Amino acid sequence: MRMLGCFSLSCVALSAQQSWAQRSTARRSIRQVARAKGRLYGAALAAEYLDQPEYAAIVARDCNIAVAENVFKWGWVESQQGNFNFELSDKVVSFCQQHNIALRGHCLLWHSSIPDWLPRDAFPPLELIEPWMRAIMQRYPNVVAWDVVNEVIDDQDNGKTYNLRLNATPEYLRDIYRLAKRLSNGKSELVYNDYGTEGSSSWNLKRQKYIVDLLKYLVDQDTGISGFGIQSHLRTNISEVDLDSMRLFIRAIRRLGLRVYATELDFLIPFEMVPRDVDRVDRIIADAYQRYLDMLFSEGVDVVLTWGITDKSTWLRSPEYNPYNGHPELFPFIRPLLYDEQYQPKAAYDAVLQSFSETPAAKQLS
Ligand code: G3I
C-alpha cells in the first residue's frame, strides 16, 4: 500500500475497512450467491494458513468447495515409502467439514509429485501406486472429486498416442482410473486435470485435441472417468484466452458425457503489459475474471475454483514460479486472486460475485 501520509492513509484504510466490514455483513458472499444459482465457488487452500483467523474467515465466508494446494499430493503424504503423514491433509479435511465446504482431492498421479523414493523419470507400476491411492482414498471417502491424473499430456509433441508424458500409455492410464473407480466405491467424481487449453495457439489447439482424444478413450474403456478440470492459469491478454476456442473445447468434452470444471483459476498480466498502477492492474484482472466466468457459466461449467483466495499465498509470488522473476519492480503487481495480501476484497472479488449473481441459474445436470 502506498504511504501518502500515514495518518490520512490509515484513516482511509480504516474507513475502507469499516465500510468493507459493514458492506461485507450486508453484502452476500460468493458462497451464498453461488449456492443460490446451483453453483460452487472455491479455492485451493494453503494448509499452513488455516490457523490465521483472517484467512480462515474469508475461506469460510466465500467458499462452498475447496482443494488442498499441496498436502494431498503423493510426494507430500508418503515422503518415505509406507509411511503416510496425513497431519496436514487431516487439517484441511476437518476445516472443510467444520465449515460445510465440499472438498476436491488433488492429485493422485502427477509427474511432479512422485515421491523421492521412486525414479522421477517414469510413472510407477500399478503395484507401487496402489498402496498410496488406497490409503488416501479410503481415508477420505467424502472427497467429492479426485484429480486422478494431472498434466499427463506432454508439452512437446513426442509422437506418442495422445502425446503422453514419460512412459505413460493409454492402457496404464486406463488401469489407474479403473483402480480409482474401485477404491472410490463410485462415490467420487473421477477427473482428469490439465492446463494449456485456454488459448487458440497451435500449441493450445494440439493440447485440446490430445485431451479430447484421451478422454474419449478413457470413457470408451469404462474407467469411470466423469469430468475434466481446466486448470485456467491465465494471462489477461486476449490472445492467451480465446473464449470462442474454449467454448468449442468445452462442448467437445461435454459431448463425451463428462462434466467440465475450472479447477485452478488465476490471472496475471504479462509482464511486458503491466501498468505500474495497482488499481489499473486490479481492474484489468477483474474484467478478465468476469469475461471468463460469464463464458464458463454459459457453457454449463458450474464449479469454479481459484488457485488460492488471497494474493498473500499465491504460488505466483513464490521464487520457484514467479513469472516476473528478473523484474522485482513488478512484484507488487502480482495480484491474481480475489483478496489482496491484507485480506481485503479487490475488484476481482466484485467481478466474480457479479458474474455468479447475474448469470441464469445452473441447469441441473442429469
Ligand atoms: O513447504 C516447503 C518448505 O518447508 C520449504 O522450505 C520450501 C523451500 O523448499 O518448499 C516448501 O514446499 C513448496 C510447496 O509448494 C509449499 O509452498 C515446494 O518446494 C514447492 O515445489 C511447492 O510448489 C507447489 C507446486 O504445485 C508443486 O507441487 C505450489 O505451491 C502449488 O501452487 C503448485 O500447484 C500446481 C498444481 O498442483 C497443479 N497445477 C499447476 C499448479 C501450479 O504449479
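A short tour of the structure in this document, coming up. Only a predicted model underlies this, so the values are computations on that prediction, with no experimental measurement involved. (Residues numbered from 1 in each chain as written. Predicted model: local features only at pLDDT ≥ 70, side-chain atom pairs only at ≥ 80, totals over all residues. Heavy atoms only, no water.)

**A word on the overall build of the protein chain**
Within the protein chain one finds 11 helices and 9 strands. At 20 Å, the protein chain has a C-alpha radius of gyration in line with the 21 Å of a compact globule built from 366 residues. Here the C-alpha coordinates of the protein chain stretch approximately 65 × 45 × 45 Å along the principal axes. For the protein chain, the proportion of its 366 residues judged to be buried stands at 55%. For the protein chain, the share of sequence-separated contacts (at least 6 apart) that also reach a separation of at least 24 residues comes to 77%. Accessible surface, the protein chain: about 15,900 Å² in total, of which carbon and sulfur atoms supply 53%. (Helix = DSSP H or I, 4+ residues; strand = E, 2+ residues; numbered from the N terminus. Rg over C-alpha atoms; globule rule 2.2 N^0.38 Å. Buried < 20%, exposed > 50% of the residue type's maximum accessible area, 1.4 Å probe, protein only. Contact = heavy atoms within 4.5 Å. Areas by Shrake-Rupley, 256 points an atom, 1.4 Å probe, with all protein chains shown as cover.)

**Looking at unusual backbone geometry**
Among all residues except glycine, the phi angle is most often negative; among peptide bonds, the trans geometry is most common. Residue Cys107 is reached from His106 by a cis peptide bond, and omega for that bond is -5°. Backbone geometry at Ser232 places phi at a positive 70°, although glycine is not the residue there. Locating Ser232 in the fold gives a position in the loop between strand 6 (227–230) and strand 7 (233–235).

**Structural notes on helix 9 (residues 243–254)**
The end-to-end C-alpha distance of helix 9 is 16 Å, a good match for the 16 Å that 12 residues give at a rise of 1.5 Å each. The complete set of buried residues in helix 9 reads Leu243, Ser245, Met246, Phe249, Ile250, Ala252 and Ile253. On its buried face, helix 9 is in contact with helix 8 (202–220), strand 6, strand 8 (259–268) and helix 10 (278–298). Here helix 9 starts with a cap whose side-chain oxygen sits 3.0 Å from the backbone nitrogen of Asp244, and that cap is Asp242. (Expected span 1.5 Å × (residues − 1). Polar contact = N/O pair within 3.5 Å; in protein donor to acceptor, adjacent residues only side chain to side chain.)

**Structural notes on the environment of Val301**
Structurally, the position occupied by Val301 is in the loop between helix 10 and strand 9 (303–306). Taking the C-alpha atoms as reference, Val301 lies 8.7 Å from Arg39; in sequence the two are 262 residues apart. Residues contacting Val301, with those up to four places away along its chain left out, are Arg39, Ile250, Val260, Tyr261, Ala262 and Leu296.

**Structural notes on the nonpolar core**
Of all hydrophobic cores here, the largest spans 110 residues; its most connected members are Phe72, Met133, Tyr192, Tyr289, Tyr292 and Phe356. It is helix 10 that provides the largest number of residues to this core, a total of 10 residues. In this structure, Phe356 is in contact with Ile30, Val33, Ala34, Lys37, Arg39, Leu40, Tyr41, Leu293, Phe297 and Val304, ignoring residues within four places of it in sequence. Core analysis: the next-biggest nonpolar cluster, separate from the first, contains 9 residues, Ala44, Ala145, Leu305 and Trp307 among them. (Core = buried A, V, L, I, M, F, W, Y, C linked by side-chain atoms within 4.5 Å.)

**Quick look at the packing of aromatic side chains**
Applying the stated criterion across every chain, the model contains 18 aromatic pairs. Residues Phe267 and Tyr289 carry aromatic rings whose centres are separated by 4.9 Å and whose planes lie at 70° to one another, so their mutual orientation is edge-to-face. Taken as a pair, Phe267 in strand 8 and Tyr289 in helix 10 lie far apart in primary sequence, 22 residues in all. Looking at Phe267, the relative accessible area reads 2%, which means it is buried. The rings of Phe72, Phe84, Phe86, Tyr140 and Trp146 are connected pair by pair, giving a single aromatic cluster. If you follow Arg39 out to its NZ or CZ, it ends over the ring of Phe297, 4.3 Å from the centre. Lying across the ring of Tyr261, Arg104 places its NZ or CZ 5.9 Å from the centre. (Phe/Tyr/Trp six-rings, centres within 6.5 Å; stacked < 30°, edge-to-face > 60°. Lys NZ or Arg CZ within 6 Å of the ring centre and 35° of its normal.)

**As for the pairing of strand 4 (residues 145–150)**
Across the 6 residues of strand 4, 6 count as buried, placing the element largely inside the fold. Where strand 3 (residues 102–110) lies against strand 4, 5 bridges are found, and the strand directions are parallel. Bridging across to strand 4, Leu109 finds its partner in Val149. This β-α-β element, strand 3 to helix 6 (residues 126–139) to strand 4, shows right-handed connectivity. In terms of strand pairing, strand 4 meets strand 5 (residues 189–194) through 5 bridges, oriented parallel. Note that in strand 5 the partner of Asn150 across the bridge is Asn193. As a crossover connection, the stretch from strand 4 through helix 7 (residues 170–184) into strand 5 is right-handed. (Pairing = 2+ DSSP bridges. Right-handed = clockwise from strand over helix to strand, strands pointing away.)

**As for the site of the ligand**
Near the ligand lie 15 residues; those nearest to it are Glu69, Lys73, His106, Glu264 and Trp307. For the ligand, an oxygen atom lies 2.7 Å from a polar atom in the side chain of His106. Starting from 790 Å² of accessible surface for the ligand in isolation, the protein chains cover 57%. Considering only residue class, the shell around the ligand consists of 5 nonpolar, 5 polar and 5 charged. (Near = heavy atom within 4 Å. Nonpolar A, V, L, I, M, F, W, Y, C, P; charged D, E, K, R; others polar.)

**What about the environment of Val143?**
Positionally, Val143 belongs in the loop between helix 6 and strand 4. When the C-alpha atoms of Val143 and Asp121 are compared, they prove to be 29 Å apart, with 22 residues separating the residues in sequence. Here Val143 is in contact with Phe72, Leu103, Arg104, Gly105 and Ser188, once residues within four sequence places are set aside.

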